[in-house]
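Residues per chain, in single letters:
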Amino acid sequence: MLVSWNTTNQCNMFCDHCYRDAGVKLEEELTTTQGKTLIDQIKEAGFRMMIMSGGEPLMRPDIFELCAYAVSRGLRTVMGTNGTLITPRVADELRQSGLAACAISLDSIVASEHDAFRKLEGAYDLALQGMANLKRAGIPFQINTTVMDWNLKYLDAITDKAIDLGARAHHLFFLVPTGRATSIEQEALRVKEYERTLHRIMEKQKHVAIEIKPTCAPQFVRVADAKGIPVRFTRGCLAGISYCIISPTGDVQPCAYLDLRLGNVKHESFADIWRQNPVFKELRSQQYGGKCGCCEYTERCGGCRARAYYYSGGDYMAQDDWCLYQPRGLV
């Protein structure tokens, strides 16, 4: 089980697709003490892995202390960052904190396009330098890419770039309209292109040694199975089943893109929210509507619950309309 904590809303970028609408620090962000209590409760709830994210987590002054505390509690602690603030000193401090790995965003092999998308001049070069600093410090890293219509042509090349840079994996995040991403929803891939892209990504996986994983695209497990490609992931959508997210101010959500606030850790135990909230219980029931409910891949895929919620007008248990597959019972 893994949990992601958006440690701060602060960010040195203003990305078009940001689900958190990050930028400035929020007044009621969790304090260091509250963060450590949260970490204790995450451990109590049975989680094994913790993602420190943001905003930009490296803009939080106590981030190294929080990482070290999570590690001391037995959590495999990783970080999601834009990479631009990882100087040699920061990389060394991350290593000393016990951080297991980092994920750094890279959305194009063309520097100017990445910079324009991230709204920060020089972001591309700084991200690459951050990766080099992590490599020197001995911290494994992966590259994360947001898949859009304009960067489809670069996906294979970004994977090749990840290999050249020494990344352990390339994870491709398919856009779900939430936060600022609602303003660029038209740039998301449509159904047929979505399916073609999943096949293309899995074909690429056949020819490279590093892991390629589509995210917010749970149908990839079906495609991988059909192509005989072994993947270490037993399920596509984890929202509310073995994954959730905590906002900078302590709100608990099923996933980053499913904006349902199910409780706040300032007022009740995270472990209680995770175990007892009715929405979590319903998601775990896997009693989905439409073809997701009768599909033979229900347990392996589950459809994207956030995308189902957005396109159905508010039903997180609805079928995922972005899936072309027709379950055997419907054929």
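Residues numbered from 1 in each chain as written. Predicted model: local features only at pLDDT ≥ 70, side-chain atom pairs only at ≥ 80, totals over all residues. Heavy atoms only, no water.

Let us now look at the overall build of the chain. A tally of regular secondary structure across the chain gives eleven helices and nine strands. Relative to the compact-globule value of 20 Å for 331 residues, the chain shows a C-alpha radius of gyration of 19 Å, a close match. By principal-axis analysis of the C-alpha atoms, the chain measures approximately 60 × 45 × 35 Å. For the chain, with 331 residues in total, the buried portion stands at 58%. Contacts in the chain between residues far apart in sequence, at least 24 positions, make up 70% of those at least 6 positions apart. (Helix = DSSP H or I, 4+ residues; strand = E, 2+ residues; numbered from the N terminus. Rg over C-alpha atoms; globule rule 2.2 N^0.38 Å. Buried < 20%, exposed > 50% of the residue type's maximum accessible area, 1.4 Å probe, protein only. Contact = heavy atoms within 4.5 Å.)

On to the confidence of the model for the chain. Of all residues in the chain, 92% attain a pLDDT of 70 or more, and the chain-wide mean is 92. Segment residues 180-184: pLDDT under 50, and 19 contacts once partners within four positions in sequence are set aside and those in other chains are kept. (pLDDT = per-residue confidence, 0-100.)

By size, the foremost hydrophobic cluster in this structure holds 92 residues, and its most contacted members are Ile42, Met50, Met52, Met79, Leu94, Leu134 and Phe270. With six residues, helix H5 (residues 123-137) is the single largest residue contributor to this core. Setting aside residues up to four positions removed in sequence, Leu134 forms contacts with Ile86, Ala91, Leu94, Cys102, Ile104, Ile139 and Phe141. (Core = buried A, V, L, I, M, F, W, Y, C linked by side-chain atoms within 4.5 Å.)

The full count for this structure, using the stated rule, is 18 salt bridges. Across the salt bridge formed by Asp40 and Arg73, the nearest N and O atoms sit 2.8 Å from each other. Placement of the pair is Asp40 in helix H1 (residues 32-44) and Arg73 in the loop between helix H2 (63-72) and strand S3 (76-81), with a sequence separation of 33 residues. The class of Asp40 is partly exposed, set by a relative accessible area of 27%. A salt bridge links Glu193 to Arg196, with the nearest nitrogen and oxygen atoms 3.0 Å apart. Placement of the pair is Glu193 and Arg196 together in helix H7 (residues 191-205), with a separation of three residues, close to one helical turn. Residue Arg196 is classed as partly exposed on the basis of its relative accessible area of 48%. Each of Asp92, Arg95 and Arg136 takes part in a single network of salt bridges with overlapping partners. (Salt bridge = Lys/Arg side-chain N within 4 Å of Asp/Glu carboxyl O.)

Let us look at the environment of Trp274. Relative to the elements of secondary structure, Trp274 occurs in helix H9 (residues 270-276). Judged by its relative accessible area of 4%, Trp274 falls in the buried class. Each C-alpha atom of the pair Trp274 and Arg89 lies 37 Å from the other, and the pair is 185 residues apart in sequence.

Attention now moves to the sheet that holds strand S2 (residues 49-53). Ordered in space as S7-S6-S5-S4-S3-S2-S1-S8-S9, the nine strands form an open sheet in which the pairing is mixed. Strands at the two margins of the open sheet, each flanked by one partner only, are strand S7 (211-215) and strand S9 (252-253). Taken strand by strand, H5 contacts strand S4 (101-105) and strand S5 (141-147), and its axis lies near 165 degrees from that of S4. (Pairing = 2+ DSSP bridges. Axes fitted to C-alpha atoms, helices over the stretch in contact; angles between N-to-C directions.)

A few words on unusual backbone geometry. The omega angle of the peptide bond from Gly54 to Gly55 is 15 degrees, so this bond is cis rather than trans. Along the chain, the position of Gly55 falls in the loop between S2 and H2. At Lys119, a position not held by glycine, the phi torsion is positive, near 60 degrees. Of note, Lys119 is situated in the loop between helix H4 (111-118) and H5. Residues other than glycine seldom take positive phi values, yet Cys216 does so here, at roughly 60 degrees.

If you trace the backbone, Leu99 turns up in the loop between helix H3 (88-97) and S4. What makes Leu99 buried here is its relative accessible area of 6%.

Okay, the packing of aromatic side chains next. Evaluated as defined, the whole model comprises ten aromatic pairs. Pairing Phe174 with Tyr194 gives two aromatic rings, centres 5.4 Å apart and planes at 90 degrees, and the pair type is edge-to-face. Here Phe174, found in strand S6 (residues 169-174), pairs with Tyr194, found in helix H7; they are 20 residues apart in sequence, far enough to count as distant. A relative accessible area of 0% means that Tyr194 is categorised as buried. (Phe/Tyr/Trp six-rings, centres within 6.5 Å; stacked < 30°, edge-to-face > 60°.)

So, about helix H10 (residues 278-285). Buried within H10 we find Val279, Phe280 and Leu283. Seen from one end, H10 has its buried residues packed into an arc of 100 degrees, which puts them on one side. Where H10 is buried, its residues contact strand S8 (243-246), S9, H9 and helix H11 (305-312). Here H10 starts with a cap whose side-chain oxygen sits 2.9 Å from the backbone nitrogen of Val279, and that cap is Asn277. Just downstream of H10 lies Gln286, where phi reads positive at about 60 degrees. (Arc of directions from axis to C-beta. Polar contact = N/O pair within 3.5 Å; in protein donor to acceptor, adjacent residues only side chain to side chain.)

Now for the packing of H3 against H5. For the pair H3 and H5, the least separation of the axes is 9 Å and the interaxial angle reads 45 degrees. Comparing their axes, H5 and H3 come out oblique. Where H3 crosses over H5, the handedness of that crossing is right-handed. Here Pro88, Ala91, Asp92, Leu94 and Arg95 of H3 lie close against H5, whose contacting residues are Asn133, Leu134, Arg136 and Ala137. Here the residues of the contact of H3 with H5 sort into five nonpolar, one polar and three charged. (Parallel < 35°, antiparallel > 145°, perpendicular 65-115°, else oblique. Left-handed = near helix turned anticlockwise from the far one by under 90°. Nonpolar A, V, L, I, M, F, W, Y, C, P; charged D, E, K, R; others polar.)

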